[in-house]
Amino acid sequence: MDSVHPSDLQIVSTWANTVEGDLIDAGCGPGHWTNFLATQGLTARGIDQVPEFIAHARRTFPTAEFASGSLDSLEADSGSVGGILAWYSLIHYEPSAIQTPLREFNRVLKPAGTLLIGFFAGSVVDEFAHAVTPAYRWTVDAISSELEHAGFDVLESHVRRTANQRPQATLIARRARQSDG
Ligand SMILES: C[S@@+](CC[C@H](N)C(=O)[O-])C[C@H]1O[C@@H](n2cnc3c(N)ncnc32)[C@H](O)[C@@H]1O
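Computed from a prediction, not measured in an experiment: that's the story for all the values here. Here the residue index of a chain counts from 1 through its sequence in written order. Side-chain atom pairs in this predicted model are given and counted only at pLDDT of 80 or more, local residue features only at pLDDT of at least 70, and totals for whole chains, interfaces and linings cover all residues. The side-chain numbers reported here are obtained from all heavy atoms of the structure, hydrogens and water having been left aside.

**Q** Can you lay out the overall build of the protein chain for me, pointing to particular residues and giving the numbers?
**A** Strands here are runs of E lasting at least two residues and helices are runs of H or I lasting at least four, both read from the DSSP assignment and numbered beginning at the N terminus. Across its full length, the protein chain carries five helices and nine strands. What you see in the protein chain, going N to C, is helices and strands ordered as α-β-α-β-α-β-β-α-β-β-β-α-β-β. A compact globule built from 181 residues should have a C-alpha radius of gyration of about 16 Å, and the protein chain, at 15 Å, falls within 12% of that. Each of the three principal axes of the protein chain carries a C-alpha extent, and together these read 40 × 40 × 30 Å. Counting every position in the protein chain, which comprises 181 residues, the buried fraction comes to 46%. Here the contacts in the protein chain between residues at least 6 apart in sequence split such that 63% fall between residues at least 24 apart. Only the protein chains shown count as covering a residue, and every accessible area follows the Shrake-Rupley method with a 1.4 Å probe. In the structure as shown, the protein chain presents an accessible area of about 8900 Å², 49% of it carried by carbon and sulfur atoms. In this charge count, Lys and Arg are treated as positive and Asp and Glu as negative; neither His nor the chain ends contribute. A charge is said to be at NZ when it belongs to Lys, at CZ for Arg, at CG for Asp and at CD for Glu. Separation of charge centres in the protein chain, based on 13 positive and 21 negative side chains, amounts to 1 Å. Only C-alpha atoms enter the radius of gyration; for comparison, a globular chain is expected to reach 2.2 Å times N to the power 0.38, where N is the number of residues. For each residue, the accessible area found with a 1.4 Å probe, counting protein chains only, is set against the maximum for its type, and the residue is called buried under 20%, exposed over 50%, and partly exposed in between. In this description, contact between two residues means that some pair of their heavy atoms is separated by no more than 4.5 Å.

**Q** Could you give an account of the sheet that holds strand β9 (residues 168-175), with specific residues and numbers?
**A** Should DSSP find at least two bridges between two strands, the strands are regarded as paired. What the seven strands build is an open sheet, ordered β3-β2-β1-β4-β5-β9-β8; its pairing is mixed. Both edges of this open sheet fall to β3 (65-68) and β8 (152-160), since each of them pairs with a single strand only. Across this sheet, the average inter-strand angle for adjacent strands is 20 degrees, counted without regard to direction. When strand β1 (residues 23-26) meets strand β4 (residues 81-87), the two strands line up parallel, connected through three bridges. Pairing of Ile 24 across the sheet is with Ile 84, part of β4. Each axis is a line fitted through C-alpha atoms, and for a helix only the stretch in contact is used; angles between axes span 0 to 180 degrees, taken between their N-to-C directions.

**Q** I'd love a proper account of the UniProt feature "domain: Methyltransferase" (unreviewed entry) in the protein chain, names of residues and values included.
**A** UniProt positions are given in the numbering used here, feature names are shortened, and annotations may be inferred rather than shown by experiment. The feature "domain: Methyltransferase" (unreviewed entry), as given by UniProt, occupies residues 24-113 in the numbering adopted here. The span residues 24-113 is 31% helix and 27% strand, and its two end C-alpha atoms sit 12 Å from each other.

**Q** Describe the environment of Leu 102, listing the residues and the values that go with them.
**A** By the element assignment, Leu 102 lies in helix α4 (residues 99-108). Leu 102 gets classed as buried once you look at its relative accessible area, which sits at 0%. Residues Leu 102 and Ala 55, 47 residues apart in the sequence, show an inter-C-alpha distance of 26 Å.

**Q** So, the site of the ligand: which residues are in play, and what are the values?
**A** Near the ligand you find 17 residues, and of these Gly 27, Asp 48, Leu 71, Trp 87 and Tyr 93 are the closest. Under this definition, polar contacts are N or O atom pairs within 3.5 Å; protein pairs additionally need one hydrogen-donor-capable and one acceptor-capable atom, and for neighbouring residues in sequence, both atoms have to be side-chain atoms. Leu 71 is positioned with one of its backbone polar atoms (N or O) 3.0 Å from a nitrogen atom of the ligand. Here Tyr 93 contributes a side-chain N or O atom positioned 2.8 Å from a nitrogen atom of the ligand. Notes on the ligand: free accessible area 590 Å², of which the protein chains cover 85%. Tallied by class, the residues present in the shell around the ligand amount to nine nonpolar, seven polar and one charged. Proximity criterion: a residue is near a molecule or strand once any of its heavy atoms comes within 4 Å of it. All amino acids are sorted into three groups, where Ala, Val, Leu, Ile, Met, Phe, Trp, Tyr, Cys and Pro are nonpolar, Asp, Glu, Lys and Arg are charged, and the leftover types, Gly among them, are polar.

So, in structure tokens, the structure goes:
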């Protein structure tokens, strides 16, 4: 976790310690957060749609659990998951499509289960060029409004501004009710 900013590590650790039950690292990529959660004694499963990431994660962290899958349709029973980490994995969704994963997260979380999102923040919601596919930055207000629409209460958010970097944000939300529709 050497490349992770200390404040991100603190936010994820503090949140993870509040989670009761299993965790999903949704869009785990190379799997370092899944492994970190597992090393904290938590039951965590990393999910990613790119099979190469899952294969790489399994090789790098052989004791952690990984599976291929989509954030739009998680292999988990309704109300069965304590917490979901979506660390920069929602950034590639077009804003008009963000309700799909948020409602899916709402479905699988237990009542009062929580979601921690990492994302790029901006003063408007807009697209920018990212390594492989386009990505979107969000305002905290806009993503909060989407979360509320999907049945969450927003508990806290933080924005970190560093010179010559895109502002980076974290937001924690709690499943408040079943999402409509
Ligand atoms: C920017 S990377 C972040 C990876 C990891 N969370 C990290 O912090 O290093 C975004 C990841 O989300 C995954 N992802 C994006 N959309 C997804 C979807 N609909 N279903 C599953 N994984 C998805 C991508 O494959 C990619 O691994």
